[in-house]
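# Examination of the molecular architecture
Chain residues, written in single-letter form:
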Amino acid sequence: MNRSLLKRSRILRMAFSDTTRSEKDEPFILRATKIAVVVTLYWLISISMVFLNNYLLDNKELDAPVFITFFQCVVTVGLCWILKFLSKLCPGFVDFPSLKFDFRVSREILPLTVVFIGMITFNNLCLKYVGVAFYTVGRSLSTVFNVLLSYAVLKQTTSLYAVLCCGVILGGFWLGVDQESVAGSLSWTGVVFGVVASLCVSLNAIYTKKVMPVVDGNIWKLSYYNNLNAIVLFIPLIAILGELKSVLEFNRLTHLNFWGMMILGGVFGFAIGYVTALQIKFTSPLTHNVSGTAKSCAQTVLAVVYSASSKSALWWTSNMMVLVGSSAYTWVKGLEMKKVEVPPETETTSSLKSKEDSMV
(Lines give C-alpha, C1' and ligand atoms only; values in the text may rest on other atoms or scores of the structure.)
Protein backbone atom coordinates (compact mmCIF):
# COMPACT_ATOMS: atom_id res chain seq x y z
CA MET A 1 0.00 0.00 0.00
CA ASN A 2 1.51 3.31 -1.04
CA ARG A 3 1.78 6.48 0.99
CA SER A 4 -1.29 8.07 -0.62
CA LEU A 5 -3.54 5.20 0.39
CA LEU A 6 -2.17 5.24 3.92
CA LYS A 7 -3.11 8.90 4.22
CA ARG A 8 -6.59 8.22 2.85
CA SER A 9 -7.11 5.66 5.58
CA ARG A 10 -6.85 8.45 8.15
CA ILE A 11 -10.33 9.60 7.13
CA LEU A 12 -11.95 7.00 9.33
CA ARG A 13 -9.36 6.75 12.11
CA MET A 14 -11.28 8.80 14.67
CA ALA A 15 -13.38 6.33 16.67
CA PHE A 16 -14.79 5.62 20.10
CA SER A 17 -12.43 2.86 21.08
CA ASP A 18 -9.10 1.24 20.42
CA THR A 19 -9.09 0.21 16.74
CA THR A 20 -6.02 -1.99 17.05
CA ARG A 21 -8.17 -4.79 18.34
CA SER A 22 -9.63 -6.97 15.63
CA GLU A 23 -13.42 -6.83 15.36
CA LYS A 24 -13.46 -10.58 14.94
CA ASP A 25 -12.05 -10.95 18.46
CA GLU A 26 -14.87 -8.88 19.96
CA PRO A 27 -17.97 -10.56 21.40
CA PHE A 28 -21.05 -10.19 19.19
CA ILE A 29 -22.98 -8.25 21.86
CA LEU A 30 -20.16 -5.71 22.23
CA ARG A 31 -19.85 -5.24 18.46
CA ALA A 32 -23.64 -4.96 18.06
CA THR A 33 -23.79 -2.42 20.90
CA LYS A 34 -21.11 -0.29 19.26
CA ILE A 35 -22.97 -0.33 15.94
CA ALA A 36 -26.27 0.54 17.65
CA VAL A 37 -24.65 3.46 19.49
CA VAL A 38 -23.01 4.82 16.33
CA VAL A 39 -26.18 4.51 14.21
CA THR A 40 -28.26 6.14 16.97
CA LEU A 41 -25.74 8.98 17.23
CA TYR A 42 -25.84 9.48 13.45
CA TRP A 43 -29.65 9.62 13.43
CA LEU A 44 -29.77 11.96 16.43
CA ILE A 45 -27.25 14.46 15.07
CA SER A 46 -28.52 14.37 11.48
CA ILE A 47 -32.21 14.83 12.36
CA SER A 48 -31.41 17.44 15.01
CA MET A 49 -29.31 19.39 12.50
CA VAL A 50 -32.15 19.52 9.96
CA PHE A 51 -34.75 20.63 12.52
CA LEU A 52 -32.38 23.18 14.07
CA ASN A 53 -31.53 24.66 10.67
CA ASN A 54 -35.23 24.83 9.86
CA TYR A 55 -35.82 26.67 13.14
CA LEU A 56 -33.09 29.22 12.37
CA LEU A 57 -34.09 29.70 8.73
CA ASP A 58 -37.83 29.94 9.47
CA ASN A 59 -37.35 32.97 11.72
CA LYS A 60 -39.64 35.67 10.34
CA GLU A 61 -37.66 38.43 12.07
CA LEU A 62 -34.32 37.44 10.53
CA ASP A 63 -34.30 36.90 6.78
CA ALA A 64 -30.59 36.12 6.40
CA PRO A 65 -30.07 32.52 5.19
CA VAL A 66 -26.64 33.28 3.70
CA PHE A 67 -25.44 34.82 6.98
CA ILE A 68 -26.61 31.75 8.91
CA THR A 69 -24.73 29.50 6.48
CA PHE A 70 -21.66 31.76 6.74
CA PHE A 71 -21.68 31.54 10.53
CA GLN A 72 -21.84 27.75 10.43
CA CYS A 73 -18.68 27.78 8.28
CA VAL A 74 -17.01 30.01 10.90
CA VAL A 75 -17.91 27.51 13.63
CA THR A 76 -16.48 24.64 11.54
CA VAL A 77 -13.14 26.44 11.07
CA GLY A 78 -13.08 27.26 14.79
CA LEU A 79 -13.68 23.62 15.71
CA CYS A 80 -10.87 22.55 13.37
CA TRP A 81 -8.46 24.83 15.25
CA ILE A 82 -9.71 23.54 18.62
CA LEU A 83 -9.20 19.92 17.56
CA LYS A 84 -5.77 20.77 16.18
CA PHE A 85 -4.84 22.25 19.58
CA LEU A 86 -6.25 19.21 21.42
CA SER A 87 -4.33 16.82 19.14
CA LYS A 88 -1.10 18.49 20.25
CA LEU A 89 -2.20 18.58 23.88
CA CYS A 90 -3.45 14.97 23.92
CA PRO A 91 -1.78 13.22 20.96
CA GLY A 92 -2.81 9.74 22.09
CA PHE A 93 -6.46 10.66 22.51
CA VAL A 94 -7.25 13.11 19.65
CA ASP A 95 -6.01 12.56 16.09
CA PHE A 96 -6.26 15.60 13.80
CA PRO A 97 -4.08 16.77 10.88
CA SER A 98 -1.80 19.83 10.90
CA LEU A 99 -3.61 22.93 9.65
CA LYS A 100 -0.77 25.19 8.57
CA PHE A 101 -2.29 27.48 5.96
CA ASP A 102 -0.98 27.09 2.41
CA PHE A 103 -2.19 29.65 -0.14
CA ARG A 104 -1.48 27.27 -3.04
CA VAL A 105 -3.73 24.59 -1.52
CA SER A 106 -6.43 27.16 -0.84
CA ARG A 107 -6.31 28.38 -4.44
CA GLU A 108 -6.49 24.87 -5.93
CA ILE A 109 -9.51 24.03 -3.76
CA LEU A 110 -11.31 27.25 -4.76
CA PRO A 111 -13.39 25.68 -7.62
CA LEU A 112 -14.67 23.06 -5.16
CA THR A 113 -15.47 25.81 -2.66
CA VAL A 114 -17.67 27.61 -5.20
CA VAL A 115 -19.68 24.39 -5.68
CA PHE A 116 -19.65 23.78 -1.91
CA ILE A 117 -21.11 27.25 -1.29
CA GLY A 118 -23.86 26.54 -3.80
CA MET A 119 -24.56 23.17 -2.16
CA ILE A 120 -24.96 24.37 1.42
CA THR A 121 -26.63 27.70 0.50
CA PHE A 122 -29.27 26.27 -1.85
CA ASN A 123 -29.81 23.39 0.56
CA ASN A 124 -30.63 25.83 3.36
CA LEU A 125 -32.79 27.93 1.04
CA CYS A 126 -34.71 24.79 0.03
CA LEU A 127 -35.25 23.95 3.70
CA LYS A 128 -36.38 27.52 4.39
CA TYR A 129 -39.09 27.46 1.71
CA VAL A 130 -40.36 23.85 1.74
CA GLY A 131 -39.96 22.87 5.40
CA VAL A 132 -38.76 19.59 6.89
CA ALA A 133 -41.73 17.43 5.79
CA PHE A 134 -41.17 17.96 2.05
CA TYR A 135 -37.41 18.37 2.39
CA THR A 136 -36.53 14.75 1.52
CA VAL A 137 -38.51 14.91 -1.73
CA GLY A 138 -37.51 18.50 -2.48
CA ARG A 139 -33.82 17.65 -2.79
CA SER A 140 -34.10 14.02 -3.86
CA LEU A 141 -32.57 14.40 -7.33
CA SER A 142 -28.89 14.20 -6.32
CA THR A 143 -28.81 10.51 -7.34
CA VAL A 144 -30.31 11.34 -10.75
CA PHE A 145 -27.84 14.18 -11.31
CA ASN A 146 -25.02 11.89 -10.24
CA VAL A 147 -25.93 9.45 -13.03
CA LEU A 148 -26.28 12.24 -15.62
CA LEU A 149 -22.99 13.93 -14.68
CA SER A 150 -21.15 10.61 -14.55
CA TYR A 151 -22.09 10.12 -18.19
CA ALA A 152 -21.65 13.73 -19.34
CA VAL A 153 -18.37 14.48 -17.51
CA LEU A 154 -16.75 11.11 -16.78
CA LYS A 155 -18.26 9.17 -19.73
CA GLN A 156 -19.36 6.43 -17.34
CA THR A 157 -22.45 4.46 -18.35
CA THR A 158 -25.08 3.29 -15.88
CA SER A 159 -26.85 -0.07 -15.83
CA LEU A 160 -30.51 -0.42 -16.80
CA TYR A 161 -31.50 -1.37 -13.24
CA ALA A 162 -29.84 1.75 -11.82
CA VAL A 163 -31.59 3.91 -14.44
CA LEU A 164 -34.93 2.33 -13.50
CA CYS A 165 -34.25 3.23 -9.85
CA CYS A 166 -33.64 6.83 -10.94
CA GLY A 167 -36.97 6.67 -12.79
CA VAL A 168 -38.71 5.72 -9.53
CA ILE A 169 -37.02 8.66 -7.77
CA LEU A 170 -38.11 11.06 -10.53
CA GLY A 171 -41.66 9.72 -10.36
CA GLY A 172 -41.71 10.23 -6.59
CA PHE A 173 -40.37 13.76 -6.99
CA TRP A 174 -43.03 14.83 -9.49
CA LEU A 175 -45.82 13.13 -7.52
CA GLY A 176 -44.64 14.96 -4.41
CA VAL A 177 -44.64 18.30 -6.22
CA ASP A 178 -48.14 17.57 -7.53
CA GLN A 179 -49.46 16.67 -4.06
CA GLU A 180 -47.92 19.77 -2.48
CA SER A 181 -49.64 21.81 -5.19
CA VAL A 182 -52.98 20.09 -4.52
CA ALA A 183 -52.60 20.82 -0.79
CA GLY A 184 -51.84 24.48 -1.55
CA SER A 185 -48.49 24.35 0.23
CA LEU A 186 -46.20 24.13 -2.81
CA SER A 187 -43.33 26.61 -3.02
CA TRP A 188 -41.88 26.61 -6.53
CA THR A 189 -39.02 28.72 -5.21
CA GLY A 190 -38.19 26.00 -2.70
CA VAL A 191 -38.48 23.29 -5.37
CA VAL A 192 -36.06 25.15 -7.67
CA PHE A 193 -33.63 25.64 -4.78
CA GLY A 194 -33.90 21.91 -4.02
CA VAL A 195 -33.13 20.94 -7.61
CA VAL A 196 -30.11 23.28 -7.73
CA ALA A 197 -28.93 21.93 -4.34
CA SER A 198 -29.17 18.37 -5.70
CA LEU A 199 -27.09 19.36 -8.74
CA CYS A 200 -24.47 20.95 -6.49
CA VAL A 201 -24.27 17.78 -4.35
CA SER A 202 -23.39 15.75 -7.44
CA LEU A 203 -20.89 18.36 -8.69
CA ASN A 204 -19.37 18.47 -5.23
CA ALA A 205 -18.62 14.72 -5.37
CA ILE A 206 -16.84 15.12 -8.72
CA TYR A 207 -14.77 18.13 -7.64
CA THR A 208 -13.96 16.50 -4.31
CA LYS A 209 -12.41 13.53 -6.10
CA LYS A 210 -10.41 15.96 -8.25
CA VAL A 211 -8.89 17.97 -5.38
CA MET A 212 -8.41 15.17 -2.84
CA PRO A 213 -4.71 14.67 -3.76
CA VAL A 214 -4.08 18.37 -2.99
CA VAL A 215 -4.84 17.72 0.70
CA ASP A 216 -3.18 14.27 0.76
CA GLY A 217 -6.58 12.57 0.80
CA ASN A 218 -7.44 13.99 4.23
CA ILE A 219 -11.13 14.87 4.56
CA TRP A 220 -10.62 17.05 7.66
CA LYS A 221 -7.98 19.19 5.97
CA LEU A 222 -10.26 19.51 2.96
CA SER A 223 -13.12 20.60 5.23
CA TYR A 224 -10.87 23.21 6.85
CA TYR A 225 -9.74 24.79 3.56
CA ASN A 226 -13.21 24.53 2.04
CA ASN A 227 -14.90 26.34 4.91
CA LEU A 228 -12.10 28.90 5.19
CA ASN A 229 -12.47 29.77 1.51
CA ALA A 230 -16.25 29.85 1.91
CA ILE A 231 -16.02 32.37 4.76
CA VAL A 232 -14.08 34.78 2.54
CA LEU A 233 -16.49 34.35 -0.40
CA PHE A 234 -19.60 34.65 1.78
CA ILE A 235 -18.65 38.13 3.08
CA PRO A 236 -19.27 40.01 -0.21
CA LEU A 237 -22.40 37.88 -0.82
CA ILE A 238 -23.85 38.97 2.52
CA ALA A 239 -23.16 42.61 1.65
CA ILE A 240 -24.58 42.34 -1.90
CA LEU A 241 -27.77 40.61 -0.75
CA GLY A 242 -28.31 43.24 1.97
CA GLU A 243 -28.36 40.69 4.78
CA LEU A 244 -25.98 42.71 6.96
CA LYS A 245 -28.71 45.31 7.52
CA SER A 246 -31.19 42.57 8.39
CA VAL A 247 -28.76 41.09 10.92
CA LEU A 248 -27.97 44.45 12.56
CA GLU A 249 -31.70 45.26 12.88
CA PHE A 250 -32.54 41.85 14.37
CA ASN A 251 -34.07 42.51 17.81
CA ARG A 252 -32.54 39.37 19.38
CA LEU A 253 -29.03 39.95 18.08
CA THR A 254 -27.63 40.35 21.61
CA HIS A 255 -29.56 37.39 23.08
CA LEU A 256 -27.38 34.48 24.21
CA ASN A 257 -30.11 32.02 23.26
CA PHE A 258 -29.91 33.07 19.59
CA TRP A 259 -26.13 32.76 19.41
CA GLY A 260 -26.27 29.48 21.31
CA MET A 261 -28.59 28.03 18.67
CA MET A 262 -26.37 29.41 15.90
CA ILE A 263 -23.26 27.83 17.42
CA LEU A 264 -25.10 24.56 18.01
CA GLY A 265 -26.11 24.51 14.32
CA GLY A 266 -22.46 24.88 13.35
CA VAL A 267 -21.40 22.15 15.77
CA PHE A 268 -23.99 19.77 14.32
CA GLY A 269 -22.79 20.63 10.81
CA PHE A 270 -19.24 19.70 11.78
CA ALA A 271 -20.26 16.65 13.84
CA ILE A 272 -22.24 15.05 11.00
CA GLY A 273 -18.98 14.46 9.12
CA TYR A 274 -17.50 12.71 12.15
CA VAL A 275 -20.50 10.46 12.88
CA THR A 276 -20.87 9.64 9.18
CA ALA A 277 -17.26 8.44 9.14
CA LEU A 278 -17.95 6.40 12.27
CA GLN A 279 -21.07 4.80 10.81
CA ILE A 280 -19.24 3.85 7.59
CA LYS A 281 -16.37 2.46 9.66
CA PHE A 282 -18.49 0.30 11.96
CA THR A 283 -20.85 -0.87 9.19
CA SER A 284 -20.16 -0.18 5.47
CA PRO A 285 -20.90 2.52 2.87
CA LEU A 286 -23.90 0.47 1.68
CA THR A 287 -25.32 0.09 5.19
CA HIS A 288 -24.68 3.77 5.80
CA ASN A 289 -26.79 4.70 2.77
CA VAL A 290 -29.60 2.39 3.91
CA SER A 291 -29.41 3.94 7.38
CA GLY A 292 -29.56 7.41 5.81
CA THR A 293 -32.66 6.47 3.83
CA ALA A 294 -34.40 5.10 6.93
CA LYS A 295 -33.39 8.26 8.80
CA SER A 296 -35.00 10.41 6.09
CA CYS A 297 -38.21 8.43 6.47
CA ALA A 298 -38.23 8.91 10.25
CA GLN A 299 -37.39 12.60 9.77
CA THR A 300 -40.39 13.08 7.47
CA VAL A 301 -42.76 11.34 9.89
CA LEU A 302 -41.47 13.44 12.80
CA ALA A 303 -41.94 16.65 10.80
CA VAL A 304 -45.54 15.78 9.92
CA VAL A 305 -46.34 14.80 13.52
CA TYR A 306 -44.63 17.91 14.93
CA SER A 307 -46.53 20.26 12.61
CA ALA A 308 -49.78 18.34 13.26
CA SER A 309 -50.51 18.41 9.52
CA SER A 310 -52.58 15.95 7.51
CA LYS A 311 -51.09 14.44 4.34
CA SER A 312 -52.82 12.48 1.58
CA ALA A 313 -52.05 8.87 0.71
CA LEU A 314 -50.47 10.02 -2.58
CA TRP A 315 -48.21 12.43 -0.68
CA TRP A 316 -46.91 9.57 1.44
CA THR A 317 -46.58 7.46 -1.70
CA SER A 318 -44.30 10.10 -3.25
CA ASN A 319 -42.03 9.97 -0.21
CA MET A 320 -41.92 6.18 -0.27
CA MET A 321 -41.11 6.19 -4.00
CA VAL A 322 -38.14 8.50 -3.39
CA LEU A 323 -36.90 6.46 -0.42
CA VAL A 324 -37.41 3.06 -2.09
CA GLY A 325 -35.83 4.29 -5.33
CA SER A 326 -32.81 5.65 -3.46
CA SER A 327 -32.39 2.44 -1.44
CA ALA A 328 -32.75 0.28 -4.56
CA TYR A 329 -30.16 2.39 -6.40
CA THR A 330 -27.72 1.95 -3.51
CA TRP A 331 -28.34 -1.81 -3.49
CA VAL A 332 -27.89 -2.12 -7.27
CA LYS A 333 -24.65 -0.12 -7.24
CA GLY A 334 -23.42 -2.24 -4.33
CA LEU A 335 -24.00 -5.43 -6.31
CA GLU A 336 -22.26 -3.94 -9.35
CA MET A 337 -19.23 -2.93 -7.28
CA LYS A 338 -18.92 -6.49 -5.94
CA LYS A 339 -18.74 -7.87 -9.49
CA VAL A 340 -15.68 -5.79 -10.35
CA GLU A 341 -12.61 -4.79 -8.38
CA VAL A 342 -13.24 -1.20 -7.34
CA PRO A 343 -10.23 1.16 -7.22
CA PRO A 344 -9.54 2.73 -3.79
CA GLU A 345 -10.24 6.18 -5.24
CA THR A 346 -13.76 5.09 -6.21
CA GLU A 347 -14.45 3.70 -2.75
CA THR A 348 -13.19 6.93 -1.19
CA THR A 349 -15.40 9.05 -3.43
CA SER A 350 -18.41 6.86 -2.65
CA SER A 351 -17.85 7.39 1.06
CA LEU A 352 -17.42 11.12 0.50
CA LYS A 353 -20.69 11.34 -1.43
CA SER A 354 -22.40 9.52 1.44
CA LYS A 355 -20.98 12.16 3.76
CA GLU A 356 -22.17 14.98 1.52
CA ASP A 357 -25.69 13.55 1.35
CA SER A 358 -25.71 13.32 5.15
CA MET A 359 -24.54 16.93 5.54
CA VAL A 360 -27.35 18.21 3.36
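Residues numbered from 1 in each chain as written. Predicted model: local features only at pLDDT ≥ 70, side-chain atom pairs only at ≥ 80, totals over all residues. Heavy atoms only, no water.

The subject of this paragraph is the overall build of the chain. In terms of regular secondary structure, the chain is built from 14 helices and zero strands. Overall, the chain shows an N-to-C arrangement of helices and strands of α-α-α-α-α-α-α-α-α-α-α-α-α-α. Taken over 360 residues, the chain has a buried fraction of 49%. Across the chain, the fraction of contacts at a sequence separation of at least 24, relative to all contacts at a separation of at least 6, is 86%. (Helix = DSSP H or I, 4+ residues; strand = E, 2+ residues; numbered from the N terminus. Buried < 20%, exposed > 50% of the residue type's maximum accessible area, 1.4 Å probe, protein only. Contact = heavy atoms within 4.5 Å.)

Glancing now at the UniProt feature "transmembrane region" (unreviewed entry) in the chain. When the UniProt feature table is mapped to this numbering, "transmembrane region" (unreviewed entry) covers residues 28-52, 64-83, 109-138, 158-176, 188-207, 227-244 and 256-277. In residues 158-176, the share of helix is 89% and the share of strand is 0%. The end C-alpha atoms are 26 Å apart. (UniProt positions renumbered as here; feature names shortened; annotations may be inferred.)

This paragraph deals with the packing of aromatic side chains. Tallied over the entire structure, the rule returns 14 aromatic pairs. Ring geometry for Phe67 versus Trp259: centroids 6.5 Å apart, planes at 80°, classification edge-to-face. Taken together, the positions of Phe67 in helix 3 (residues 65-89) and Trp259 in helix 11 (residues 256-282) put the pair 192 residues apart, joining distant regions of the chain. For Phe67, a relative accessible area of 12% translates into the label buried. A relative accessible area of 24% means that Trp259 is categorised as partly exposed. For Lys311, the ring lying beneath its charged end belongs to Trp315, and the centroid distance is 4.9 Å. (Phe/Tyr/Trp six-rings, centres within 6.5 Å; stacked < 30°, edge-to-face > 60°. Lys NZ or Arg CZ within 6 Å of the ring centre and 35° of its normal.)

If you look at the biggest cluster of nonpolar residues, it comprises 83 residues, and the most contacted ones within it are Leu222 and Phe234. Per-element tally for this core: the top contributor is helix 4 (residues 103-130), with twelve residues. Here Phe234 is in contact with Val66, Thr69, Phe70, Cys73, Ile117, Ile120 and Thr121, once residues within four sequence places are set aside. (Core = buried A, V, L, I, M, F, W, Y, C linked by side-chain atoms within 4.5 Å.)

The next thing to look at is the pattern of salt bridges. In this structure the tally under the stated criterion is five salt bridges. Among the salt bridges present, the one from Lys128 reaches Asp63, with a minimum N-O distance of 3.4 Å. Pair noted here: Lys128 is in helix 4 and Asp63 is in the loop between helix 2 (28-57) and helix 3, with a separation of 65 residues, a long-range link. When the shortest N-O distance is used, the salt bridge between Glu180 and Lys311 registers 3.7 Å. Pair noted here: Glu180 is in helix 7 (residues 160-183) and Lys311 is in the loop between helix 12 (285-307) and helix 13 (313-339), with a separation of 131 residues, a long-range link. Of the residues examined, Glu180 reaches a relative accessible area of 5% and is grouped as buried. (Salt bridge = Lys/Arg side-chain N within 4 Å of Asp/Glu carboxyl O.)

Attention now moves to the confidence of the model for the chain. Of all residues in the chain, 87% attain a pLDDT of 70 or more, and the chain-wide mean is 82. In this model, residues 1-22 is a region of pLDDT below 50 whose contacts with residues beyond four sequence positions or in other chains number 39 contacts. (pLDDT = per-residue confidence, 0-100.)

So, about the side chain of Asn319. Following the sequence through the fold, Asn319 ends up in helix 13. Asn319 gets classed as buried once you look at its relative accessible area, which sits at 2%. Apart from residues lying up to four places away in sequence, Asn319 is in contact with Ala133, Thr136, Val137 and Thr300.

For the rest of this paragraph, the subject is the environment of Ser187. Counting through the fold element by element, Ser187 comes out in the loop between helix 7 and helix 8 (188-211). The exposure class of Ser187 is buried, given its relative accessible area of 16%. Put simply, Ser187 and Tyr129 are 58 residues apart on the chain and 6.4 Å apart in space, counted from C-alpha to C-alpha. The residues contacting Ser187, other than those within four sequence positions of it, are Tyr129 and Val130.

A few words on the packing of helix 3 against helix 4. Running from N to C, helix 3 and helix 4 point in directions that differ by 130°, and their axes come no closer than 10 Å. Relative to helix 4, the element helix 3 is oriented oblique. The two elements helix 3 and helix 4 cross, and the hand of that crossing is right-handed. On helix 4, the residues touching Pro65, Val66, Thr69, Gln72 and Cys73 of helix 3 are Phe116, Ile120, Thr121, Asn124, Leu125 and Lys128. Of the residues that constitute the contact of helix 3 with helix 4, the class distribution is six nonpolar, four polar and one charged. (Axes fitted to C-alpha atoms, helices over the stretch in contact; angles between N-to-C directions. Parallel < 35°, antiparallel > 145°, perpendicular 65-115°, else oblique. Left-handed = near helix turned anticlockwise from the far one by under 90°. Nonpolar A, V, L, I, M, F, W, Y, C, P; charged D, E, K, R; others polar.)

The next point concerns unusual backbone geometry. Backbone geometry at Asp216 places phi at a positive 60°, although glycine is not the residue there. Relative to the helices and strands, Asp216 resides in the loop between helix 8 and helix 9 (219-240).

This next bit is on the packing of helix 2 against helix 11. Interhelical geometry of helix 2 versus helix 11 gives an angle of 145° and a closest axis separation of 8 Å. Viewed along their axes, helix 2 and helix 11 form a crossing whose handedness is left-handed. Of the residues contributing to the contact of helix 2 with helix 11, the split by class is 19 nonpolar, seven polar and one charged.

The terminal C-alpha atoms of helix 7 lie 35 Å apart, and with 24 residues this matches the ideal 34 Å at 1.5 Å per residue to within 8%. Residues of helix 7 that are buried include every one of Ala162, Cys165, Cys166, Ile169, Gly172, Phe173, Leu175, Gly176, Val177, Gln179 and Glu180, and no others. If you follow the buried residues of helix 7, they end up packed against helix 5 (135-138), helix 6 (142-152), helix 8 and helix 13. Just downstream of helix 7, Gly184 is the residue with a positive phi angle, here 80°. (Expected span 1.5 Å × (residues − 1).)

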